[in-house]
Protein chains: 2
Amino acid sequence: MNNTNTFIDLIIKFGGSAITDKNTFETIKKEELLIAANCIRSCREAGLSCIVVHGAGSFGHHQAKRYQVNDGFVTATTKDELDFKRQGFCLTRQSVTKLNQLVVNCLIDVGVPAVACSPGSSWEVDKKLPVRWPDEIIAGLVEKGFVPVLHGDCCVDKTLGCCILSGDTIIKSLCNAFTTRRVVFLADVAGIYNRPPDQPGAQLLKSILVNSDGLIQESVCTSQSCNDVTGGIQLKLKTAIDIVVQSKGRCPVFVTSIKSPDMNEVCLGKDSINHWNATSITMHS
Amino acid sequence: MNNTNTFIDLIIKFGGSAITDKNTFETIKKEELLIAANCIRSCREAGLSCIVVHGAGSFGHHQAKRYQVNDGFVTATTKDELDFKRQGFCLTRQSVTKLNQLVVNCLIDVGVPAVACSPGSSWEVDKKLPVRWPDEIIAGLVEKGFVPVLHGDCCVDKTLGCCILSGDTIIKSLCNAFTTRRVVFLADVAGIYNRPPDQPGAQLLKSILVNSDGLIQESVCTSQSCNDVTGGIQLKLKTAIDIVVQSKGRCPVFVTSIKSPDMNEVCLGKDSINHWNATSITMHS
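Computed from a predicted model, the values in this text were never measured in an experiment. (Residues numbered from 1 in each chain as written. Chains lettered and ligands numbered in written order. Predicted model: local features only at pLDDT ≥ 70, side-chain atom pairs only at ≥ 80, totals over all residues. Heavy atoms only, no water.)

**Some remarks on the interface of chain A and chain B**
Logical step 1: With 36 residues of chain A at the contact, the number on the chain B side is 35 residues.
Logical step 2: Around 3100 Å² of area is buried between chain A and chain B when both sides are counted, 63% of it from carbon and sulfur atoms.
Logical step 3: Linking chain A with chain B are two salt bridges, by the criterion used here.
Logical step 4: Among the ionic pairs, Glu136(B) bridges to Arg132(A), the shortest N-O distance being 3.1 Å.
Logical step 5: For the pair chain A and chain B, the number of links is twelve residue pairs in polar contact (both at pLDDT 80 or more).
Logical step 6: The set of elements that each furnish at least two residues to the side of chain A that touches chain B consists of α4 (79-109), β4 (114-116), α5 (135-143) and β8 (153-157) of chain A. (Contact = heavy atoms within 4.5 Å. Buried area = accessible area lost by both parts, 1.4 Å probe. Salt bridge = Lys/Arg side-chain N within 4 Å of Asp/Glu carboxyl O. Polar contact = N/O pair within 3.5 Å; in protein donor to acceptor, adjacent residues only side chain to side chain. Helix = DSSP H or I, 4+ residues; strand = E, 2+ residues; numbered from the N terminus.)

Below you can see the structure in the form of structure tokens.
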């Protein structure tokens, strides 16, 4: 599972909070989704090969939480509990694939040859980590000029029975299998701040430098209470650091707002990093 | 790819003509789909493990035909022709996965823990035949009490670029990988006739016996003009014979109408074959 012959210019994450309204059940942010789709069109027109991964936002989360899908089957002991858990798995999966259908439709509408690649029916997972997945299918789609569209999904888990496979974990696996030139996270905030963005004195960190041991030099508030406020940003930072380290610095990661005027430039990688309203996470030289 | 440790009691095909109106673009037959879904519920209540495969009917066919997806990329030589073909692939895929979403929703609504398993993002295909596919994922879903739902789909093809992978080919692969107890095709006709059902003297063949070399003893009109009239029935017969032969007679195949009152009995396998309004295809002893 290390298809290093395949080069991917851009793996882009459409954040769940960026393309859906997290507070309203199964609601997309149409305008933001269209912006993101048009960005992929621009990248393709510039000759870049792309893979899109999106989060779930207000699709799937509600069902996954209600039925505790991420705890697996191990907590269900009676037949009724098992039936309930299975129902939750099915409803969660249908909800996230419904969003996937909307995302792929939007991409196709603007002229991107997008192909839904839902992980739940093909990724082998154990203890929430991918064990085997159809890397050759994804590579084949990219080589033939398509844009595979993956997403966070519920999967059968060898040990736990079932679990949620996050979009961030999927991106790490993709970066591990393919030689990836850059990863961009489209968020609902401008990037990564030194503390929660709504606190006084919060500053956007334009550059975060990672040592080969995964430690960073910048001061970023990482306490649990900060996590609550910044949402998934801390997890994104962890994913970003992992990608930079596992690629030995060859794959830089960027976090930017889906509404940033620099978004296309960040994805295309055309201009100077320092002018962008974004956070770059790169290896410390 | 021969997971013989997994037993499947029933692989059932929801025929494209049976669950959609073939003459009207992207239109399902709600009543028929509900009947089929309730049949699966009955089978599950009787303790049977099931896999559902459905055809495309008026979903996907229109797009696949217009863009000639089944001819592959080999006929496209210019950039515009390639872009056109890719667009056709994407539109076809979105249309069949839209039907898949409706089928899975209907199954979940009646209490069946159905999970969409779209082949286009995970089946490796060469010259229209499956080379590798996630048999362990399908087996894992069945073992955990789910009902995987697959469908005819467009796939990346190693030699042709792209192609249509038919539901019938998928069923043959499933039967090859798993020890399958019975296969049922739900059609829009009562079964297989000795000549096209609308011709005078056409008789329903209640039993077709297959020799180990794949030849059958009954007289079935198989000329091209008959094919045109009987729709996909001739192809179903070919698939059925292949399944019986490859299983060395261990897996009988049945063709029956989605509207037959015997349909549940055929799927459950409870009653005497001779009373059913259906065609059984079995090995000649």
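**Here we look at the confidence of the model for chain A**
All names here are of chain A.
Logical step 1: Overall, the predicted model of chain A reaches an average pLDDT of 90, with 93% of residues at or above 70.
Logical step 2: The low-confidence segment residues 222-231, where pLDDT is below 50, has eight contacts with residues more than four positions distant or belonging to other chains.
Logical step 3: With a pTM of 0.94, the predicted complex shows an ipTM of 0.93. (pLDDT = per-residue confidence, 0-100.)

**Side note on the pattern of salt bridges**
Logical step 1: Inspection of every chain in the model, using the stated rule, returns 24 salt bridges over all chains.
Logical step 2: In this structure, Lys172(A) engages Asp242(A) in a salt bridge whose closest nitrogen and oxygen atoms are separated by 2.7 Å. Pair noted here: Lys172(A) is in helix α6 (residues 167-177) and Asp242(A) is in helix α8 (residues 233-246), with a separation of 70 residues, a long-range link.
Logical step 3: Judged by its relative accessible area of 23%, Lys172(A) falls in the partly exposed class.
Logical step 4: Classification of Asp242(A) by relative accessible area gives buried; the value is 19%.
Logical step 5: With a shortest N-O distance of 3.0 Å, Arg132(B) and Glu124(B) are connected by a salt bridge.
Logical step 6: Take Arg132(B): its relative accessible area is 44%, and that puts it in the partly exposed class.
Logical step 7: A cluster of three or more residues bridged by salt bridges with shared partners is formed by Lys79(A), Asp83(A) and Arg86(A). (Buried < 20%, exposed > 50% of the residue type's maximum accessible area, 1.4 Å probe, protein only.)

**Details of the pairing of strand β6 (residues 129-132) of chain B**
Residue and element names in this part refer to chain B.
Logical step 1: With three bridges connecting them, strand β5 (residues 124-126) and β6 associate as antiparallel partners. In the sheet register, Val125 faces β6, and the bridge partner there is Pro130.
Logical step 2: Where β5 folds back on β6, the antiparallel hairpin that results is connected by two residues, among which Lys127 adopts a positive phi of roughly 50°. (Pairing = 2+ DSSP bridges.)

**What about the sheet that holds strand β2 (residues 10-14) of chain A?**
Residue and element names in this part refer to chain A.
Logical step 1: Pairing in this open sheet of eight strands is mixed, and the strands run β4-β7-β3-β2-β11-β13-β14-β12 from one edge to the other. A single partner strand is all that each edge strand has here, and the edge strands are β4 and β12 (207-210). For this sheet, the mean inter-axis angle between neighbouring strands, taken without regard to orientation, is 20°.
Logical step 2: With four bridges connecting them, β2 and strand β11 (residues 183-187) associate as parallel partners. Its bridge partner being in β11, Phe14 is matched across the sheet by Leu186. (Axes fitted to C-alpha atoms, helices over the stretch in contact; angles between N-to-C directions.)

**So, the packing of α6(A) against α8(A)**
Residue and element names in this part refer to chain A.
Logical step 1: Close contact between α6 and α8 brings their axes to 10 Å; oriented N to C, the two are set at 10°. Between α6 and α8, the crossing angle belongs to the class labelled roughly parallel. Every residue of α8 that contacts α6 at Asp168, Ile171, Lys172, Cys175 and Asn176 is listed here: Leu235, Lys236, Thr239, Asp242, Ile243 and Gln246. (Parallel < 35°, antiparallel > 145°, perpendicular 65-115°, else oblique.)

**Remarks on the pairing of strand β3 (residues 50-54) of chain A**
Residues and elements named next belong to chain A.
Logical step 1: Most of β3 is tucked away: five of the five residues are buried.
Logical step 2: Residues Cys50, Val52 and His54 of β3 are buried on one face, and the alternating residues Ile51 and Val53, pointing to the opposite face, are buried as well.
Logical step 3: By the bridge criterion, five bridges tie β2 to β3 in an arrangement that is parallel. Looking at β3, one finds that Leu10 is bridged to Cys50.
Logical step 4: Here three bridges tie β3 to strand β7 (residues 147-151), and the two strands are oriented parallel to one another. What sits directly across from His54, in β7, is His151.

**Some remarks on the UniProt feature "binding site: substrate" (unreviewed entry) in chain A**
Residue and element names in this part refer to chain A.
Logical step 1: Taking the UniProt record as the reference, the feature "binding site: substrate" (unreviewed entry) is found at Ala56, His61 and Gly167. Annotated residues spanning 112 residues; largest pairwise C-alpha distance 12.9 Å, indicating a single compact cluster.
Logical step 2: Take Ala56: it is sitting in the loop between β3 and α3 (61-66).
Logical step 3: Judged by its relative accessible area of 13%, Ala56 is buried.
Logical step 4: Those residues in contact with Ala56, other than ones at most four positions away along the chain, are Gly16, Thr20, His61, Val96 and Leu99. (UniProt positions renumbered as here; feature names shortened; annotations may be inferred.)

**Points about empty space enclosed by the protein**
Logical step 1: Inspection of the entire model under this criterion finds three cavities of 30 Å³ or more.
Logical step 2: Computed from the structure, the largest cavity encloses a volume of approximately 160 Å³.
Logical step 3: Contributing to the lining of the largest cavity are 16 residues, with Thr97(A), Ala116(A), Ser118(A), Thr97(B) and Ser118(B) lying nearest its centre.
Logical step 4: Secondary-structure elements contributing two or more residues to the lining of the largest cavity are α4 of chain A together with α4 (79-109) of chain B.
Logical step 5: Looking at the lining of the largest cavity, the element that brings in the most residues is α4(B), giving five residues.
Logical step 6: Within the lining of the largest cavity, the residues separate by chemical class into three nonpolar, eleven polar and two charged. (1 Å grid on protein atoms, 1.4 Å probe; cavity = no way out; pocket = protein on both sides within 12 Å on 5 of 7 lines; lining within 4 Å. Points joined across faces, edges and corners; volume = space filled by probe spheres on them. Nonpolar A, V, L, I, M, F, W, Y, C, P; charged D, E, K, R; others polar.)

**Overview of the sheet that holds strand β2 (residues 10-14) of chain B**
Either a parallel or an antiparallel arrangement is found when strands of a sheet pair, and the pairing is made through backbone hydrogen bonds.
Residue and element names in this part refer to chain B.
Logical step 1: Strand order in this open sheet of eight strands is β4-β7-β3-β2-β11-β13-β14-β12, and the pairing throughout is mixed. Sheet topology places β4 (114-116) and β12 (207-210) at the edges, where each strand pairs with a single neighbour. Going across the sheet, the axis of each strand differs from the next one's by a mean of 20°, ignoring polarity.

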